Amino acid sequence: MLFRSGCFILDTLLSAKLGKIPILTAGSMTNLGSLVADGLEEWHPWDGCAGFGSHTEAMATRTPSHSLSIFNQLSLVAGCLNEYCLMPNAPGKNESILSRLHSLHEKLPTACNLNVRSDTELTPQKLALHVSLRCIPVLFGQMQTKGVAAKEIATLLDRFTKLFTPVTIPPFLLVLL
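Procedures and definitions
- Throughout this document, residue positions are counted from 1 along each chain, in the order its sequence is written.
- In keeping with the model being predicted, local features are shown solely for residues with a pLDDT of at least 70 and side-chain atom pairs are shown and tallied solely at 80 or more, while totals for entire chains, interfaces and linings include all residues.
- Where side-chain values are given, they derive from all heavy atoms of the structure, hydrogens and water being excluded.
- The way it works is a 1 Å grid over only the protein atoms, where trapped points that fit a 1.4 Å probe form a cavity and open points with protein on both sides within 12 Å along at least five of seven lines form a pocket, and then any residue with an atom within 4 Å of a point lines it.
- Grid points are joined across faces, edges and corners, and a volume is the space filled by probe spheres set on the points.
- The secondary structure listing takes helices from DSSP runs of H or I that are at least 4 residues long and strands from runs of E that are at least 2 residues long, numbered from the N terminus.
- Amino acids are sorted into nonpolar (Ala, Val, Leu, Ile, Met, Phe, Trp, Tyr, Cys and Pro), charged (Asp, Glu, Lys and Arg) and polar (every other residue, Gly among them).
- Any carboxyl oxygen of Asp or Glu within 4 Å of a side-chain nitrogen of Lys or Arg constitutes a salt bridge here.
- Per-residue accessibility, obtained with a 1.4 Å probe over protein chains only, is compared with the maximum for each type, and a residue is labelled buried under 20%, exposed over 50%, and partly exposed between these values.

Participant: Please provide a residue-by-residue account of the layout of surface pockets, values included.
Facilitator: Roughly 310 Å³ of internal volume is contained in the second largest pocket. Phe8, Met29, Thr30, Ser75 and Leu76 are the residues nearest the centre of the second largest pocket, which is lined by 16 residues in total. Mapped by element, the contributors of at least two residues to the lining of the second largest pocket are α1 (2-18), α2 (26-29), α5 (67-86) and α6 (93-106). Per-element accounting of the lining of the second largest pocket gives the leading share, five residues, to α5. For the lining of the second largest pocket, the residue count by class is seven nonpolar, seven polar and two charged.

Participant: Quick rundown of the pattern of salt bridges? Include the residues and the values.
Facilitator: Applying the stated rule across the entire model yields four salt bridges. In this structure, Arg134 engages Glu152 in a salt bridge whose closest nitrogen and oxygen atoms are separated by 3.1 Å. Residue Arg134 is located in helix α7 (residues 124-140), and its partner Glu152 is located in helix α8 (residues 143-164); the two are separated by 18 residues in the primary sequence. Judged by its relative accessible area of 35%, Glu152 is partly exposed. A salt bridge links Lys162 to Asp158, with the nearest nitrogen and oxygen atoms 3.1 Å apart. In this pair, Lys162 and Asp158 are both assigned in helix α8, four residues apart and thus about one turn of the helix distant. Assessed through its relative accessible area of 59%, Lys162 is described here as exposed. Here the residues in one salt-bridge network are Glu83, Lys93 and Arg100, joined through shared partners.

Now the structure itself:
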């Protein structure tokens, strides 16, 4: 299931970037459900490694990675983008997708929330999810929100590179930028 979900996310991101129709659809993924976020992968602390930036050396707590929760949320976000790629010019589709993305952002599980005032619980996975949540609506959003989103994305990427170095930016984010 993890492999198929990962392929779905990558297929959707590349299709959006290339302006093509994705091979895997959100409808084909609904019967898989979400990954159970209650295993070692979820609670294993994120350590980073040498060369991953100042944050890894200064990290006072061993923050759980919450990898499965974040992956589940990223799959949901990719599902919205996938629907857009299938019918980019459908009347009313953009508003519906933007509404779903906003709802996903509002209802993020606690483990996936981003505390803008603290760096103690930041992980590359969490920052990547939040950059994605802001990048994807820009692809088909309203013109007046693009400036605000661009500023938020720039702030998050700046924070990302200061804490973890540019090497840690996941390649899939570069597809969205």
